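If you want the building blocks of each chain, they are given just below.
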Amino acid sequence: MARSLPLKADPAAQLALLDLQAIDARVDVLRHQRRSLPELAEIAALQESRAGFDAQRRDAQIMVDDLTAEQAKVDADVEQVKVRRTRDRDRMDQGLISNPKDLERMQGELESLERRITSLEDEELEVMARLEDAQKDLDSYLAQVAAADERLAALTETRDEKLGALDAELASLDAERRPAAEGLPADLLALYDKLRESKGGVGAALLRARECSGCRLTLDAHEIGEIRAMPDDTVYRCEECQRILVRTAESGL
Ligand SMILES: [Zn+2]
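What you are looking at is a predicted structure, and each value in this text was computed from that prediction instead of being measured.

**Brief notes about helix α5 (residues 221-229)**
Phase 1: Along α5, the residues that are buried comprise Glu223, Ile224 and Ile227. End-on view of α5: buried residues confined to an arc of 100°, all on one side of the axis. Opposite the buried face of α5, by more than 90 degrees, sit the exposed residues Ala221, His222 and Ala229.
Phase 2: Looking at the buried residues of α5, the elements they touch are β1 (204-208), β3 (236-237) and β4 (244-247).

**Side note on the coordination of the zinc ion**
Each pair of donors in an ideal four-coordinate tetrahedral metal site encloses 109.5 degrees, whereas pairs in an ideal six-coordinate octahedral site enclose 90 or 180 degrees.
Phase 1: Distances from the zinc ion to its protein donors, namely Cys212 (SG), Cys215 (SG), Cys238 (SG) and Cys241 (SG), fall within the range 2.3 Å.
Phase 2: The coordination sphere of the zinc ion comprises four donor atoms, whose angles at the metal cover 104 to 115°; the geometry is tetrahedral.
Phase 3: Mapped onto the sequence, the donors of the zinc ion take the spacing C-x2-C-x22-C-x2-C. Of this pair, Cys215 sits in the loop between β2 (211-212) and α5 while Cys238 sits in the loop between β3 and β4; the two residues are 23 residues apart in sequence, bridging distant segments of the chain.
Phase 4: Take Cys215: its relative accessible area is 23%, and that puts it in the partly exposed class.

**Here we look at the side chain of Glu39**
Phase 1: Checked against the element boundaries, Glu39 lands in helix α2 (residues 38-93).
Phase 2: In this view, Glu39 contacts Leu155, Thr158, Arg159 and Lys162; residues no more than four positions away in its chain are not counted.

**Structural notes on the side chain of Arg247**
Phase 1: Mapping Arg247 onto the fold places it in strand β4.
Phase 2: It is Asp232 that comes nearest to the buried, bridge-free Arg247 among opposite-charge side chains, at 4.7 Å.
Phase 3: At 2.6 Å, the side chain of Arg247 and the backbone oxygen of Thr234 are in polar contact.
Phase 4: Those residues in contact with Arg247 that sit more than four places away from it in its chain are Gln14, Leu207, Ile227, Met230, Pro231, Asp232, Thr234, Tyr236 and Leu253.

**A look at helix α1 (residues 11-35)**
Phase 1: Here α1 is 25 residues long and its end C-alpha atoms lie 36 Å apart, about the 36 Å a rise of 1.5 Å per residue gives.
Phase 2: Contact partners of the buried residues in α1: α3 (100-181), α4 (186-198), β1 and β4.
Phase 3: Two or three places before Ala12, at the start of α1, stands the capping residue Asp10, its side-chain oxygen 2.9 Å from that residue's backbone nitrogen.

**Topic: the pairing of β4**
Phase 1: Taking every second residue as pointing to the same face, both faces of β4 are buried, with Ile244 and Val246 on one and Leu245 and Arg247 on the other.
Phase 2: Both β1 and β4 contribute to a ladder of four bridges, which runs parallel. What sits directly across from Ala205, in β4, is Leu245.
Phase 3: Where β3 and β4 come together, two bridges link them in antiparallel fashion.

**Here we look at the sheet that holds β2**
Phase 1: With mixed pairing, the four strands of this open sheet are ordered in space as β2-β1-β4-β3. Pairing within the sheet leaves two strands with one partner each, and these edge strands are β2 and β3.
Phase 2: Against the sheet, α4 engages β1, β3 and β4, with an angle of about 120° to β4.

**Examining a negative patch on the surface**
Phase 1: On the surface, Glu132, Asp133, Asp137 and Asp139 cluster together into a patch of negative charge.
Phase 2: With respect to the helices and strands, the residue Asp133 is situated in helix α3.

**Side note on the pattern of salt bridges**
For side chains bearing opposite charge, pairing can occur when the charged atoms are close.
Phase 1: In total, this model carries 25 salt bridges according to the counting rule given.
Phase 2: For the salt bridge of Asp28 with Arg196, the shortest nitrogen-to-oxygen distance reads 2.9 Å. One end of the pair, Asp28, is in helix α1; the other, Arg196, is in helix α4, and 168 residues separate them in sequence.
Phase 3: Across the salt bridge formed by Glu70 and Arg130, the nearest N and O atoms sit 3.9 Å from each other. Within this pair, whereas Glu70 is found in helix α2, its partner Arg130 is found in helix α3, the two being separated by 60 residues in sequence.
Phase 4: Salt bridges linked by common partners bring Arg50, Asp54, Arg57, Arg58 and Asp149 together as one network.

Rules used throughout
Each chain carries its own residue numbering, running from 1 in the direction its sequence is written. Restriction of local features to residues with pLDDT of at least 70 applies here, the model being predicted, together with a cutoff of 80 or more for giving and counting side-chain atom pairs; totals for whole chains, interfaces and linings are based on all residues. Think of the side-chain values as coming from all heavy atoms in the structure, minus any hydrogens and water. Per-residue accessibility, obtained with a 1.4 Å probe over protein chains only, is compared with the maximum for each type, and a residue is labelled buried under 20%, exposed over 50%, and partly exposed between these values. Helix numbering and strand numbering both begin at the N terminus, where a helix is a DSSP run of H or I of at least 4 residues and a strand a DSSP run of E of at least 2. Of all possible arcs, the one meant is that of the directions from the helix axis to the C-beta atoms. Any two residues whose heavy atoms approach within 4.5 Å at even a single point are treated as in contact. In this analysis a donor is any N, O or S atom within 2.8 Å of a metal ion (3.2 Å for sodium, potassium and calcium), and since water is not included, sites may seem incomplete. A four-donor site is called tetrahedral if each angle lies between 85 and 135 degrees; a four-donor site is square planar, and a six-donor site octahedral, when trans pairs exceed 155 degrees and the remaining angles lie between 65 and 115; all other cases are labelled irregular. Within this scheme the basic residues Lys and Arg register as positive and the acidic residues Asp and Glu register as negative, but His and the chain ends are omitted. We define a salt bridge as a side-chain nitrogen of Lys or Arg found within 4 Å of a carboxyl oxygen belonging to Asp or Glu. Throughout this description, a polar contact denotes any pair of N or O atoms lying within 3.5 Å of each other; where both atoms belong to protein, one of them has to be capable of donating a hydrogen while the other can accept it, and for residues adjacent in sequence the pair is counted only when both atoms sit in side chains. To estimate how far a helix should extend, the number of its residues minus one is multiplied by 1.5 Å. Here a strand pair is declared whenever DSSP counts at least two bridges between the two strands. Axis definition: a line fitted to C-alpha atoms, limited for helices to the stretch in contact. Angles are taken between N-to-C directions and run from 0 to 180 degrees. Patch members must show over 30% relative accessible area and no salt bridge, and they are joined within 9 Å when carrying like charges or within 5 Å when they are nonpolar side chains of Val, Leu, Ile, Met, Phe, Trp or Tyr. For accessible areas, the Shrake-Rupley method is used with a probe of radius 1.4 Å. Any residue's cover is judged against the shown protein chains and nothing else. Here the site of a charge means atom NZ of a Lys, CZ of an Arg, CG of an Asp or CD of a Glu.

Given below as structure tokens:
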């Protein structure tokens, strides 16, 4: 353990470690904020519901297309039967059919054409009503997709603004960190980094009023005596949390 072979570092370097720790803690907070922006979760949820609306929109579009084709076909069928009816009527009106048997057959055909027209026109109305419903569904899904897109655009803009602000702050902290880390002994920095990794981001803590500000435990008289007796350049580690404990005038020694 480090305790059996205490690290040595100039007291000024130990103090500077606290400055570095303050910068790193701020960086950790900003990085956490960056990862957990509320907009990120909202965008992900919205993208999912938008995909759902869009799938329904596609289905509704297929339905509208099919019914539009069906309507065109029924319209054409009605037209075709009406043309036949007109032709038959004209032939009768012009007296082209004189044979009573033919005349009777022609009248029968005209009646059947009328029935066919009536049935096709009923079908036409039914297709029209279904098309109207399908179009309403399509319009509603289109509106939902458009509303989702609008909200997504607004959220993306807010997210990017927030990310931009956080990144600017991170860049300025990075610029602050380099000179703060410069000149610190490599072994002290290595220990600090290792502790930061395993101790929730806090590797160095101030000893304030006999309390470790890393784990909030008050040192007992024995530990205080130990610290008082050790040279200033000995790096002291909290017995409880193992963090580097930095002594200052506030330490209560
Ligand atoms: Zn501690």
